[in-house]
Amino acid sequence: MISRKTILASTALGFVLFSSPAYAYLDPGTGSMLLQLALGGVAGFLVILKLYWSRFVGLFHRSGAADELVQDNDK
Amino acid sequence: MNHVAIEPGSFRDPMGRVFVGGDHIYRATSAKGRTAFEFVAATGLLAKLEDAGKIVTSRIVPNHVLGGLARTDGIVLEHEKIPYISYPYEWSFSFLKAAALLHLDIHLQALEVGVTLSDASAYNVQFRGSHPVFIDILSFRPLKTGETWDGHRQFCEQFLNPLLLKSKLDIDPNAWYRGTQEGISTPEINRLLPWYKKLSWKMLTHVVAQSALQNANVGTAADARARVEFPLASYRRMLTGLRNWIETIEPAKKSRTEWQDYATGHSYADAEQQAKAAFVARFAAAVTPDILWDIGCNTGDYSAVALANGAAYSVGFDVDQGALTQAYGRAIANDMPFQPLYFDGANPSPSQGWNEAERKSMSARRNADGLIALAFIHHMAIGRNIPLEHVIRWLVGLAPEGVIEFVPKADPMVRQLLTLREDIFEDYSLSAFTEYLREMAEIVATDVITKSGRQLFWYKRKSG
């Protein structure tokens, strides 16, 4: 029924989905572009992971992540 | 020369503008648009797509045909005229799906020769009969190495998500689509779909992940794009994957609509149907309309009759999606120049969009020289409380000559409409119908076609 690829993808994307959205500048094409880069190969996928890593870590260290989000919002 | 004017819906892309002069459709490019067009034309792609009927035919014409409206550093193309311009919110599921597949096919073919599409607007697809055709020649531009698919988000909003709404949730997207004009956003479809309908790789990527990543900071996306390239093989895989997926998407099984079974389950006998067909055939043979409008076309029975007897092209309008699905199947199977569209007679498409002129109303696109409105008026006059006189005026205003069927109160279909409500329609009678029609038109012929008293009226609108 559910393929191994699907389970892997769900796990990998899980931390992105469950982290709270940053209501910064919302570009309508942001989601599409990041998705394509992630699907574009290992390099792209790793870059996306890295960019999201701070938010993931922020789940466990609230203060640091919150600072970063505030900075983002101020742009 | 005909008076040439800019098409008010053509302003988004600075590469070119569309102009209309009588029956002629022109596209004038900017200097940049000219360079892109020449690059694309040199690949041979446009000629191949034209031959395959996938894009409109175009030819370069002298700039002066636009009488000074064209830029001197650009070129002017003249395109074939599409019989009737329609919008995605007027399409059935079948139309939207066919348009989506065409878009992806063209894009895949373009990538083979180093060309891509600058957007994925569903409005760039039109229909010739029930066959989709791509019209925006200036959407083609050279592909840059490593670039992502600019139109992906738009493709999802304008094609994929409306298809998913019908397929996964059994909700027709037309009303929503007409409201937004841009389709259905991915975060919205993501919020609507229950989790167990999202357990597939395609759903997780195009719907779930895209929605989640949409919340990312725009700087994050720019950083990522600067660091990595999107390989061409991945680009192709993405388009092919979407194509294969969309090809398998069907409307939710549970939808069984009232009119889908009409051809077999309706309330009058074969002889009566034949009488109706004979009348329509006689009308079509005498009037030979270039464009027939079939108001309340159902599955297209009488469009088929008209087309077989002298009508050149038929645009069908119906509110029932199941009937439209069958009408599409019939048009494709029999290769009919028949374009069945979704419409609600009591609420036809308005002029809307930027400056209320970007998308034209149904009446502004009026181009029929013949009309049939069979088993239709009781749905408006009794089903929707629209005064009989208004319905007749509206119908006669749509085409100079046509056939309208009067369905009396004694008819089982009208009785059914009145089952649960009081009969407040004192004005609904054959004599009132005839009187209103005579005010606007000459009655060429009539025929009583059922025992219940259904009657066909062939009218010819009075001039002036």
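This text goes with the structure placed above it.
Attention in this report is confined to the structure presented alongside it. (Residues numbered from 1 in each chain as written. Chains lettered and ligands numbered in written order. Predicted model: local features only at pLDDT ≥ 70, side-chain atom pairs only at ≥ 80, totals over all residues. Heavy atoms only, no water.)

This part takes up the sheet that holds strand S13 (residues 370-373) of chain B. Residues and elements named next belong to chain B. Judged by pairing direction, the sheet is mixed, and its 7 strands sit side by side in the order S12-S11-S10-S13-S14-S16-S15 without closing on themselves. Strands at the two margins of the open sheet, each flanked by one partner only, are strand S12 (338-342) and strand S15 (441-448). Across the sheet, the mean angle from the axis of one strand to that of its neighbour is 20°, orientation sign disregarded. Note that S15 and strand S16 (residues 455-461) share 7 bridges and pair antiparallel. Pairing of Ala445 across the sheet is with Trp458, part of S16. Taken strand by strand, helix H12 (residues 301-308) contacts strand S10 (292-295), strand S11 (314-318), S12 and S13, and its axis lies near 160° from that of S10. (Pairing = 2+ DSSP bridges. Helix = DSSP H or I, 4+ residues; strand = E, 2+ residues; numbered from the N terminus. Axes fitted to C-alpha atoms, helices over the stretch in contact; angles between N-to-C directions. Contact = heavy atoms within 4.5 Å.)

Let us now look at helix H15 (residues 388-398) of chain B. Every buried residue of H15 of chain B is listed here: Leu388, Val391, Ile392, Leu395, Val396 and Leu398 of chain B. When H15 of chain B is viewed along its axis, its buried side chains cluster within an angular range of 155° and face the same direction. (Buried < 20%, exposed > 50% of the residue type's maximum accessible area, 1.4 Å probe, protein only. Arc of directions from axis to C-beta.)

With that settled, consider a nonpolar patch on the surface. A contiguous nonpolar surface patch, about 390 Å² in accessible area, is contributed by Trp195, Tyr196 and Leu199 of chain B. Its location among the elements puts Tyr196 of chain B in the loop between helix H6 (186-192) and helix H7 (201-214). (Patch = residues over 30% accessible without salt bridge, like charges linked within 9 Å, V, L, I, M, F, W, Y side chains within 5 Å. Areas by Shrake-Rupley, 256 points an atom, 1.4 Å probe, with all protein chains shown as cover. Salt bridge = Lys/Arg side-chain N within 4 Å of Asp/Glu carboxyl O.)

Turning our attention to the packing of helix H11 (residues 270-287) of chain B against H12 of chain B. All names here are of chain B. The contact between H11 and H12 brings their axes to 8 Å, and the two run at 40°. In terms of orientation, H11 lies oblique with respect to H12. The way H11 lies across H12 gives a crossing that is right-handed. Within the contact between the two elements, H11 uses Gln273, Lys276, Ala277, Val280, Ala281 and Ala284 and H12 uses Asp301, Tyr302, Val305 and Ala306. Taken together, the residues of the contact of H11 with H12 sort by class into 7 nonpolar, 1 polar and 2 charged. (Parallel < 35°, antiparallel > 145°, perpendicular 65-115°, else oblique. Left-handed = near helix turned anticlockwise from the far one by under 90°. Nonpolar A, V, L, I, M, F, W, Y, C, P; charged D, E, K, R; others polar.)

Given 3.6 residues per helical turn, the α-helix brings residues three or four places apart onto the same face. End to end, helix H9 (residues 232-248) of chain B covers 25 Å across 17 residues, agreeing with the expected 24 Å (1.5 Å per residue, within 8%). Considered for burial, the residues of H9 of chain B that qualify are Ser234, Tyr235, Met238, Leu239, Gly241, Leu242, Arg243, Trp245 and Ile246 of chain B. Considering only its buried residues, H9 of chain B is in contact with helix H2 (30-39) of chain A together with helix H3 (93-111), strand S6 (115-117), helix H4 (152-169) and H7 of chain B. (Expected span 1.5 Å × (residues − 1).)

Okay, the side chain of Ser30 of chain B next. Inspection of the secondary structure assignment puts Ser30 of chain B in the loop between strand S3 (24-29) and helix H1 (31-42). For Ser30 of chain B, a relative accessible area of 8% gives the class buried.

A few words now on the nonpolar core. All names here are of chain B. In this structure, Phe140, Phe155, Trp293, Ile295, Ile377 and Leu437 are the most contacted members of the largest nonpolar core, which totals 120 residues. Sorting elements by how many residues they give to this core places H3 first, with 13 residues. Residues Val280, Val287, Leu307 and Met336 belong to the second largest nonpolar core, which totals 26 residues. (Core = buried A, V, L, I, M, F, W, Y, C linked by side-chain atoms within 4.5 Å.)

Residues and elements named next belong to chain B. With respect to topology, 5 strands assemble into an open sheet ordered S1-S2-S3-S5-S4, the strand pairing being antiparallel. Where the open sheet ends on each side, the last strands, each with one partner, are strand S1 (4-6) and strand S4 (58-61). Across this sheet, the average inter-strand angle for adjacent strands is 30°, counted without regard to direction. With 3 bridges joining them, S1 and strand S2 (residues 16-21) adopt antiparallel strand pairing. Within the sheet, the bridge partner assigned to Val4 lies in S2 and is Gly21.

Take the packing of aromatic side chains next. Residue and element names in this part refer to chain B. A complete count under the given rule lists 22 aromatic pairs over all chains for this structure. Ring geometry for Trp195 against Tyr196: centres 5.8 Å apart, planes inclined by 90°, an arrangement best described as edge-to-face. The exposure classification of Trp195 matches that of Tyr196, with both residues exposed. Between Phe343 and Trp394, the aromatic rings sit 6.4 Å apart at their centres with planes inclined by 10°, giving stacked as the arrangement. Residue Phe343 is located in the loop between S12 and S13, and its partner Trp394 is located in helix H15; the two are separated by 51 residues in the primary sequence. Taking NZ or CZ as reference, Arg359 lies 3.7 Å from the ring centre of Tyr123, over its face. (Phe/Tyr/Trp six-rings, centres within 6.5 Å; stacked < 30°, edge-to-face > 60°. Lys NZ or Arg CZ within 6 Å of the ring centre and 35° of its normal.)

We now examine the environment of Arg141 of chain B. Residues and elements named next belong to chain B. Mapping Arg141 onto the fold places it in strand S9 (residues 140-142). Assessed through its relative accessible area of 12%, Arg141 is described here as buried. Placed 87 residues apart in sequence, Arg141 and Lys54 show a C-alpha to C-alpha distance of 17 Å. If near-sequence neighbours (up to four positions away) are discounted, Arg141 is found in contact with Ala36, Val40, Val115, Thr116, Ser118, Glu147 and Asp150. Only 2.9 Å separates the side chain of Arg141 from the side chain of Glu147, close enough to count as a polar contact. (Polar contact = N/O pair within 3.5 Å; in protein donor to acceptor, adjacent residues only side chain to side chain.)

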